[in-house]
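Listed below, chain by chain, are the residues.
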Amino acid sequence: MATDIRDFVHLHTHSHYSLLQAVPNIPDLVASAAADGQKSLALTDAGSMYGAVEFYQEARKNNIKPIIGVDFYVAPRSRTNRELDDDKRFYRLVLLAKNTNGYKDLMRLTSEGFLTGFHEHPRIDHELIAKYSKDLIAILPAKTGEVAWHLQHSGPDKAKESLHFYQSVFPADDLYQEITIHPEINGHNELQRSVYTFAKDNNLSLVAANDVYYLKPEDREVRRVAETIGQGYYQLEAAEENYSFLTKAEINKKFSQFPEAIENTIKIADACNVEIELGTFYFPKFELPDGATAESELRKLCYSGFERRGFAPDNQEVIDRLEYELNIINSKGYDAYFLIVQDLLRYAHENDIPTTIRGSVAGSMVTYLSGITNLDPLYYGLRFERFLNPDRPSAPDIDMDFADNRRDEVIEYSRQKYGRDKVAQIGTFGTMLARGVVRDVARAMSFPYALGDQIAKLIPPPKQGFPMPIDRALKEVPELKEVYDNNPSVKEIIDMGKRLEGNARHISVHAAGVVISPTTLNDFTPVQIDPKGGKL
């Protein structure tokens, strides 16, 4: 007689945004859940929320309920302690957002981990956990969580002391002890028996997991190579360790003795209901004179430009064009946006910072009269509608270029004007593109550097800003295809490279992108310090 398969939700799941600690990309991760009929899925990358919005959108698109979380690093003492060797150690803690407030608290915790707790990893501590616990669900990981670590290294009394903290912070329905089953890892199941007994003795609910780092068991080697690229070495726990994306049937078989641990994944998923507001524009708060509105201030600024641009004050053609544009801008709610851009350019001009504007914005009389652009759109027959029209759903794009060697002055002006907690440069991901990934893979798999370099040089460089994928290079470059077909080492490197190609490798600062928010940035996104340049 067939046994019913209980529903199950993966609540401890990593993507390639864990930066060389995990392999899956977001679409493949979501597709795996959908293919197995799983109705919900969590993303809990290591110490960060890099993939949260992409995951949220992809899951919704595939009728999967997205659960937003983070697999945090927790400092053994305070997050500000960095003096002792013991401070390099850390526990792990999975926190899941129950609602939108919880999502914002995850962003605040993530930011604090980078800004005030970074020590080899972005770390939080008990102080922060207690401060932001209200709208979060906590899962103590099966091996690296505080309770499991102390049971393994310090004994039950220390484990009970740690548990007391978490039970004082989280209600019973929001606190769980994770259990995982890995008979292939020496000593793991013995530890889990201790964890199980301890949890039962202390009224701590259990939750089943497999701590996903790749999708299929055969991807284990791909993760090993990724980790080796990231840290230069990798110590395999066991010959057949399995941190793959298990199906519901596999979970039910593995956790047949712990049905409540499977059921609790559904209970947790039901309690997590995050709605991320997307598609709404938030402009910085531009300081206006008493009694003025953004609309009236922009109109005043434009009409003050008639004399500067050599127009008679009664030039009806210019007035008609200006009023037409102002009405559209106001109807879309973009008056403040134009004032902000004009102010940044005014600062640059007054301080002799070379600057220019690119794109269809040159077709606007508003930007010409306000000093944003320097082309008369009437004289040159430029149409405003190419820049902005009533049917355009997104904000118009005004590309501002500032001299490279003085760009920081404009950013600093923005910080002083709008507040340092409201201005940051945009992070950008360095991805593993074809040439780079074969060099990385060759080195990680202990092949000679010269071999990786030889393969990389056979792959054409990007064309017109578009990368050259490995598969396309194999089709277009006969020499590459020849060595691939005839040299087993080359084939091994390229095949592994294709499995990592496109994954995030590191994060750095975008050369020119800056975001300015009306309130603290943590209301919208986590922030961190660039480890190379110290920029927010």
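Residues numbered from 1 in each chain as written. Predicted model: local features only at pLDDT ≥ 70, side-chain atom pairs only at ≥ 80, totals over all residues. Heavy atoms only, no water.

1. Quick look at the overall build of the chain
Right, on to step 1. Within the chain, the regular secondary structure consists of 21 helices and eleven strands.
Right, on to step 2. If you line up the chain on its principal axes, its C-alpha atoms span 85 × 65 × 55 Å.
Right, on to step 3. For the chain, the proportion of its 536 residues judged to be buried stands at 50%.
Right, on to step 4. Long-range contacts, defined here as pairs at least 24 residues apart, represent 76% of the contacts in the chain between residues at least 6 apart.
Right, on to step 5. As displayed, the chain has an accessible area near 25,400 Å², and 49% of this comes from carbon and sulfur atoms.
Right, on to step 6. In the chain, 62 positive and 78 negative side-chain charges are present, and the distance between their average locations comes to 2 Å. (Helix = DSSP H or I, 4+ residues; strand = E, 2+ residues; numbered from the N terminus. Buried < 20%, exposed > 50% of the residue type's maximum accessible area, 1.4 Å probe, protein only. Contact = heavy atoms within 4.5 Å. Areas by Shrake-Rupley, 256 points an atom, 1.4 Å probe, with all protein chains shown as cover. Lys, Arg positive; Asp, Glu negative; His and termini not counted. Charge placed at Lys NZ, Arg CZ, Asp CG, Glu CD.)

2. Some details on a nonpolar patch on the surface
Right, on to step 1. Together, Leu375, Tyr379 and Tyr380 make up a nonpolar patch on the protein surface, roughly 380 Å² of accessible area in all.
Right, on to step 2. Here tyrosine 380 is to be found in the loop between α15 (365–370) and β9 (399–402). (Patch = residues over 30% accessible without salt bridge, like charges linked within 9 Å, V, L, I, M, F, W, Y side chains within 5 Å. Salt bridge = Lys/Arg side-chain N within 4 Å of Asp/Glu carboxyl O.)

3. Structural notes on the pairing of strand β1 (residues 40–46)
Right, on to step 1. Among the seven residues in β1, seven count as buried, and that is most of the element.
Right, on to step 2. Relative to strand β2 (residues 65–74), β1 runs parallel, the two sharing seven bridges. Within the sheet, the bridge partner assigned to leucine 41 lies in β2 and is proline 66.
Right, on to step 3. Remark: the β1/helix α2 (residues 52–61)/β2 crossover connection has right-handed handedness. (Pairing = 2+ DSSP bridges. Right-handed = clockwise from strand over helix to strand, strands pointing away.)

4. With respect to unusual backbone geometry
Right, on to step 1. The phi dihedral of asparagine 203 falls on the positive side, at around 55°, and the residue is not glycine.
Right, on to step 2. By the element assignment, asparagine 203 lies in the loop between α7 (188–201) and β7 (205–208).
Right, on to step 3. For aspartate 352, which is not a glycine, the phi torsion comes out positive at approximately 55°.
Right, on to step 4. Within the element layout of this structure, aspartate 352 appears in the loop between α14 (335–350) and β8 (355–358).

5. So, α2
Right, on to step 1. Listing the buried residues of α2 in full gives Ala52, Phe55, Tyr56, Glu58 and Ala59.
Right, on to step 2. Buried residues along α2 sit against α1 (26–35), β1 and β2.
Right, on to step 3. Backbone geometry just after α2 places asparagine 63 at a positive phi near 60°.

6. Details of helix α21 (residues 488–500)
Right, on to step 1. Relative to the 18 Å expected for 13 residues at 1.5 Å per residue, α21 spans 19 Å between its end C-alpha atoms, a close match to the ideal helical length.
Right, on to step 2. Those residues of α21 not exposed but buried are Val490, Ile493, Ile494, Met496, Gly497 and Leu500. Projected onto a plane normal to the axis of α21, the buried residues spread over an arc of 165° and lie on a single side.
Right, on to step 3. Capping of α21 at its N-terminal end is provided by asparagine 487; its side-chain oxygen lies 3.0 Å from the backbone amide nitrogen of serine 489.
Right, on to step 4. Of the residues one or two after α21, glycine 502 is the one with positive phi, at around 90°. (Expected span 1.5 Å × (residues − 1). Arc of directions from axis to C-beta. Polar contact = N/O pair within 3.5 Å; in protein donor to acceptor, adjacent residues only side chain to side chain.)

7. Topic: the pattern of salt bridges
Right, on to step 1. According to the stated counting rule, one finds 40 salt bridges in the structure shown.
Right, on to step 2. For arginine 79, the salt bridge is made with glutamate 127, and the minimal N-O distance between the two is 3.0 Å. Of this pair, arginine 79 sits in the loop between β2 and β3 (91–97) while glutamate 127 sits in helix α4 (residues 126–131), and the two are 48 residues apart along the sequence.
Right, on to step 3. You can call glutamate 127 exposed: its relative accessible area is 54%.

Honestly, that's just the spatial picture; any functional story needs more than this.
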